[in-house]
Amino acid sequence: MLRSIFRPTIRDRRELRRYVATVAIAALGAALTADVINQLTFYVDLGTCLRSWLITMILAVGISAPIARAIGQAHLELYFAKLEADRLGRIDPLTGLANRRAFTLAGEARELRILALAIADIDRFKRVNDDHGHIAGDEVIKAIADMMQRRLGSLGTLARVGGEEFALLCPGGSLDAIKAELSRLRVDVEQTPIAVGGQLVRATISAGIASGEGVPFKELYAAADKALYVAKTRGRNQVVAYEEIELSGAQDAA
Ligand code: GH3
Ligand code: MG
Ligand code: MG
C-alpha cells in the first residue's frame, strides 16, 4: 500500500483514478483514526463526535484527492514522455525506419529465429553528394528508404543502419521470395530517377544476403556484409548471396 502511494506506476487514466482513490482512502483512514481517538479521549457528547468525524472526512478527502490527482497526473505524463523517448531512440529521424540500435536489439532478441539478413548500400553515394549537395543526398536516401519500405517492409525489420546503408532482418517466410523481392528492389531503384530540387538523380544499390536458421545474429550480419562487399567488388548494382560466394570459393579451391 505505502509503495503504491509513494512510488506509483501510472500508465493510463484507469490507473490514475485508482491512485487517487487509494490516496484518498489512506488519508481518510489516517485522519479518521486520529479524530476518533481524539474525540473519545476528550469525549463531550455523541453529536459533537459525529459532527467532528464528518468534518474530518470531508477535509481528508477534499484535500488529499486533488493533491493525489496532481501527483498522479505528473507520473502519467512522465510515463508518456518515457514511452516517446524510447520510441524516438529506436527510429532514424530522416527515413522513419528503425535505427541501428533498434535493429541490433531486434536481432539479438533471444526468442527470435532469424531466417535471413540482408544489407543494402547505395552505390557511389559520395558522388551524389558531390554532384548535387548534401541536402539532395538526404532526399535520395529518403526516397530509396521509401522504396525499400514498400518492397521489403512486410518481410521483417527494416532499418537504416548507417549513412546510406540499410538492413533487413527476416524472421520467417520463404528465402527465395526474400531474394526475389531484394532483386526487384534493386531494379526499382535503378529504373526510378529521383526528383530532387528540379533535377533527376539516378542511383543504384548493391546488397548482400545471408541466411541460416539458428545462426547467431552477429555471424549472419558479418556474412551479409561480406556478400555486400563482393557485390561491390563485382561492379555494384547487384545482389549477392553469401552461400553463393562460399560455393564459388570452394569451387576455386577444388
Ligand atoms: P560505395 O559504392 O563503395 O558504397 O561508395 P560510396 O561513395 O557510396 O561509399 P562511401 O562509404 O565512400 O561514401 C558514403 C558517403 O555517404 C560518404 C558520406 O558523406 C555520405 N553520407 C553518409 N551519411 C549521410 C547522410 O546522412 N546524408 C548524406 N547526404 N550523405 C551521407
Ligand atoms: Mg555506398
Ligand atoms: Mg556505405
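Quick look at the structure, then. (Residues numbered from 1 in each chain as written. Chains lettered and ligands numbered in written order. Predicted model: local features only at pLDDT ≥ 70, side-chain atom pairs only at ≥ 80, totals over all residues. Heavy atoms only, no water.)

Here we come to the pairing of strand 2 (residues 157-162). Relative to strand 3 (residues 165-170), strand 2 is paired through five bridges, and the arrangement is antiparallel. Bridge pairing in strand 3 places Arg160 opposite Phe166. Connecting the antiparallel pair strand 2 and strand 3 is a turn made up of two residues. (Pairing = 2+ DSSP bridges. Helix = DSSP H or I, 4+ residues; strand = E, 2+ residues; numbered from the N terminus.)

Around ligand 1 sit 16 residues, and of these Arg124, Phe125, Asp138, Arg160 and Arg236 come closest. A distance of 3.0 Å is found between an oxygen atom of ligand 1 and a backbone nitrogen or oxygen belonging to Lys126. Between ligand 1 and the protein, one listed contact pairs an oxygen atom with a side-chain N or O atom of Glu164 at 2.9 Å. Here ligand 1 loses 66% of its free accessible area of 640 Å² to cover by the protein chains. Mapped by element, the contributors of at least two residues to the shell around ligand 1 are strand 1 (116-122), helix 5 (125-132) and helix 6 (134-152). Of the residues forming the shell around ligand 1, the biggest block, four residues, is contributed by helix 6. (Near = heavy atom within 4 Å. Polar contact = N/O pair within 3.5 Å; in protein donor to acceptor, adjacent residues only side chain to side chain. Areas by Shrake-Rupley, 256 points an atom, 1.4 Å probe, with all protein chains shown as cover.)

Turning to the packing of aromatic side chains, a few remarks are in order. Following the criterion strictly, the structure yields four aromatic pairs and no others. Seen in terms of ring centroids, Tyr79 and Phe80 are 6.1 Å apart; in terms of plane orientation they differ by 50 degrees. Their pairing is tilted. Looking at Tyr79, the relative accessible area reads 29%, which means it is partly exposed. Relative to Tyr221, the ring of Phe103 has its centre 6.3 Å away and its plane inclined at 70 degrees; by these criteria the two rings are edge-to-face. Of this pair, Phe103 sits in helix 4 (residues 100-108) while Tyr221 sits in helix 8 (residues 217-233); the two residues are 118 residues apart in sequence, bridging distant segments of the chain. Note on accessibility: Phe103 and Tyr221 belong to one class, buried. Every member of this aromatic cluster is reached through a ring pair, and the members are Phe103, Phe217 and Tyr221. (Phe/Tyr/Trp six-rings, centres within 6.5 Å; stacked < 30°, edge-to-face > 60°. Buried < 20%, exposed > 50% of the residue type's maximum accessible area, 1.4 Å probe, protein only.)

Further remarks concern the coordination of the magnesium ion (ligand 3). The coordination sphere of the magnesium ion (ligand 3) contains the protein donors Asp121 (OD) and Glu164 (OE), at a distance range of 2.2 Å. Metal-to-metal, the separation of the magnesium ion (ligand 3) and the magnesium ion (ligand 2) is 3.7 Å; Asp121 coordinates the two. One end of the pair, Asp121, is in strand 1; the other, Glu164, is in the loop between strand 2 and strand 3, with 43 residues separating them in the sequence. For Asp121, a relative accessible area of 8% translates into the label buried. (Donors = N, O, S within 2.8 Å, 3.2 Å for Na, K, Ca; no water.)

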